[in-house]
Each structure stands twice: as structure tokens, then as C-alpha cells.
Amino acid sequence: MKKVLKAIGKVLKFPVWGIIAFLLLIAGQELIGVKLTNLIPERLMENDAVSTASMYLVFIGIWIVAFAWMVIFKWSRPIIKAIGTKASGNNLKNLGIGLLIGGGLNLTCALVAMLNKDIAITYDSFRPISFIAIFICVFIQSGAEELICRGYLYQKLRKTFNNPWVAIIGNAVFFGFIHLANPGITALSVVNIIVAGVFFSLMVYYMDSIWCAMAAHAAWNFMQNIVLGLPNSGIVVPYSVFSLDAANARDSWAYSVGFGVEGTLFSDAILIVGCIVLIIWGRKHGKKELNVWAK
């Protein structure tokens, strides 16, 4: 009987951690992020680059709230170790690897959609300062989601359940949940986001590197939204290096008009292959994951 009650107690912790993670996201974005970006003068917001940067910069509030939570509440404080350099995989090398993986995979998806004649893009403009500033803001946004999903929630589930796949899949499902309100969302795109969440989680598990996951996430978003001008999880921004001919875009196995390359069978397939490659590589060469809860 005690074993049954203990198992039930563990299962009940899952929604508790999920609710806390969700509240951290909402509080950070709405209570702090929105207020901070509202300080940007309206005349500056008329600039397409500034407007685009602000759409991503609003996520900075999540960093503030999440770190405040982990510092104030000692039962969450150990998670900070997984975010810093105590995790052996959190280094510049894996940061660069993450950028190459995320940008490369997204570019591959876009090129396939172009070759299939689902989309056409044309060069618009390249402004180096705006390009770099927006990349920093995209990293803040992607890093914030990773901080909550692959940082806070992942580590809480790793502490509660012995099987690592509970944490890997559990936080990925939560990752899919927080995108349900995005424009153009479909069942296929939700599957894609969950698979992406598993992919990023495997980086944390096998590479001991949330930095790699943050970089891959940021590069994926930056490539499709800012470089190529495609929707990022259904969201279109004012500034991009290339512009999409949206009027002539079409739905197919390689492109979703409402959601972009993410809501497609091809994108699902390429991310699943990425997960398989990571698992094979990880079992042979992977690092030992840092146990942040060890005393």
C-alpha cells in the first residue's frame, strides 16, 4: 500500500511542477517583460527592426522571474547548477554546435519546401546592427523557454522519477502545451513542437548541456523568422533579411501556410532522425549528466 501511495504522490507532482512552470512563464512575460518593453518609445517602435526585437525581448521577464524563484526557494536552488558551468557540457563548443544544429536543420526544412515549390523568398535587406541585436533578443526568448522547460521542469521531473524518459517526454509535452495558443496551430504542429522538445531534452541528458539546447532553439527560430522571413510557430515579424511571397505559399508535406516549416511531416521526420542520432551518439559518447540534487 505504501508503494502505491508513493507512486501516486510522484504522479501528482507532475501537474504541480507543470503549473508552477506555467505560472513562471506567464508572470515573467506579462508582469515584467511587457512592462519593460512598454518603456520603448512609440517612435522607435515604428522601426521594423525595433518592433521585431521587442517581440522577442518581452521574454526577458521570464529569466528574471525564474532566477528569482530558484534563488528564493531553496528546494529549486540546485537547478541553477545545471544552467551554469558546473554542468560539463555548458561550454562555448556546445554553444556553437547548438547554433549549427538548430540553424542547419531549419535551413534544410526551408530548402526542401523551396525545392518542392511550396514557398519562394526574395532578398529584402541586411542591417548588421539590427541583425545582431535581434539575434540577442531571439536568444533571450528561446533561452527563456529552455530555462523553464529543459531547466526547471526537466530537473524537477528528474528528481522525482528514476526513469529519465519521464523528464524528457514530460517537459516536451509541456513545451507543446504552451504553444497551443499560437496562430495557425494544428495537431501536426503540436507533434512537431513536442518532438523538438524531446530533441532539446536529449541534448541536456546526453550532452549535459542546456546551453546547446538554448543555442539550437535560438538558431532554429532565428533562421526561419529573421533570416528567411518565414512564420516562427505561426508568428510573422516585421523585419527579416529575406521576405516570403506569402500570397503564393501553399500547404504540403514540407510547408504549412499557417505555421511554417514546423507544422509539417518533413520537419517531424527530420527532428525524429535528429533524436535517433542523438540517442545513438549519446549511448556511445555521451557525458554523464550532472545530478544537481546530489548533496
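What you see is a predicted model, and the numbers here were worked out from it, not measured in a lab.

How each quantity is defined
- Residues numbered from 1 in each chain as written.
- Predicted model: local features only at pLDDT ≥ 70, side-chain atom pairs only at ≥ 80, totals over all residues.
- Heavy atoms only, no water.
- Helix = DSSP H or I, 4+ residues; strand = E, 2+ residues; numbered from the N terminus.
- Buried < 20%, exposed > 50% of the residue type's maximum accessible area, 1.4 Å probe, protein only.
- Contact = heavy atoms within 4.5 Å.
- Areas by Shrake-Rupley, 256 points an atom, 1.4 Å probe, with all protein chains shown as cover.
- Lys, Arg positive; Asp, Glu negative; His and termini not counted.
- Charge placed at Lys NZ, Arg CZ, Asp CG, Glu CD.
- Patch = residues over 30% accessible without salt bridge, like charges linked within 9 Å, V, L, I, M, F, W, Y side chains within 5 Å.
- Salt bridge = Lys/Arg side-chain N within 4 Å of Asp/Glu carboxyl O.

Caption draft 1: Representation of the overall build of the chain in the model. Looking only at helices and strands, the chain has 11 helices and two strands in total. Starting at the N terminus and walking to the C terminus, you meet the elements of the chain as α-α-α-α-α-α-β-α-α-α-α-β-α. Summarising its shape, the C-alpha atoms of the chain cover approximately 60 × 45 × 35 Å along the three principal directions. Burial analysis of the chain (295 residues in total) assigns 49% to the buried set. Here the contacts in the chain between residues at least 6 apart in sequence split such that 78% fall between residues at least 24 apart. A total accessible area of about 14000 Å² is found for the chain, and carbon and sulfur atoms account for 71% of it. For the chain, the distance from the average position of its 24 positive side-chain charges to the average position of its 14 negative side-chain charges is 23 Å.

Caption draft 2: Region of the structure containing a nonpolar patch on the surface. A surface patch of nonpolar side chains, about 550 Å² in accessible area, is lined by Ile19, Phe22, Leu23, Ile26, Phe177 and Leu180. The greatest single-element share of the nonpolar patch, amounting to four residues, is contributed by helix H1 (residues 2-37). Here Ile19 shows up in helix H1. The class for Ile19 is exposed, based on a relative accessible area of 51%.

Caption draft 3: How the structure looks around the side chain of Gln141. As for its position among the elements, Gln141 is in helix H7 (residues 128-160). Here Gln141 falls in the buried class, since its relative accessible area comes to 5%. With residues near it in sequence (within four places) discarded, Gln141 still touches Tyr56, Phe59, His217 and Asn221.

Caption draft 4: View of the environment of Leu244. Mapped onto the secondary structure, Leu244 falls in strand S2 (residues 242-244). In this structure the C-alpha to C-alpha distance between Leu244 and Leu230, which are 14 residues apart in sequence, comes to 6.3 Å. Residues within four places of Leu244 in sequence aside, it is in contact with Ile119, Ala120, Ile121, Leu228, Gly229, Leu230, Pro231 and Tyr255.

Caption draft 5: Expanded view of the environment of Pro238. Within the secondary structure, Pro238 sits in the loop between helix H10 (210-227) and S2. Through-space distance from the C-alpha of Pro238 to that of Ile226 is 9.1 Å; in sequence the pair is 12 residues apart. Among all residues touching Pro238, those that are not within four sequence positions of it are Asp48, Ser51, Thr52 and Met55.

Caption draft 6: Quick peek at unusual backbone geometry. Positive phi values are uncommon outside glycine, yet Asp208 reaches one of about 55°. Examined against the element boundaries, Asp208 turns out to sit in the loop between helix H9 (187-207) and H10. Judged by its relative accessible area of 7%, Asp208 is buried. The residue Ser233 is not glycine, and still its phi comes out positive at about 55°. Relative to the helices and strands, Ser233 resides in the loop between H10 and S2.

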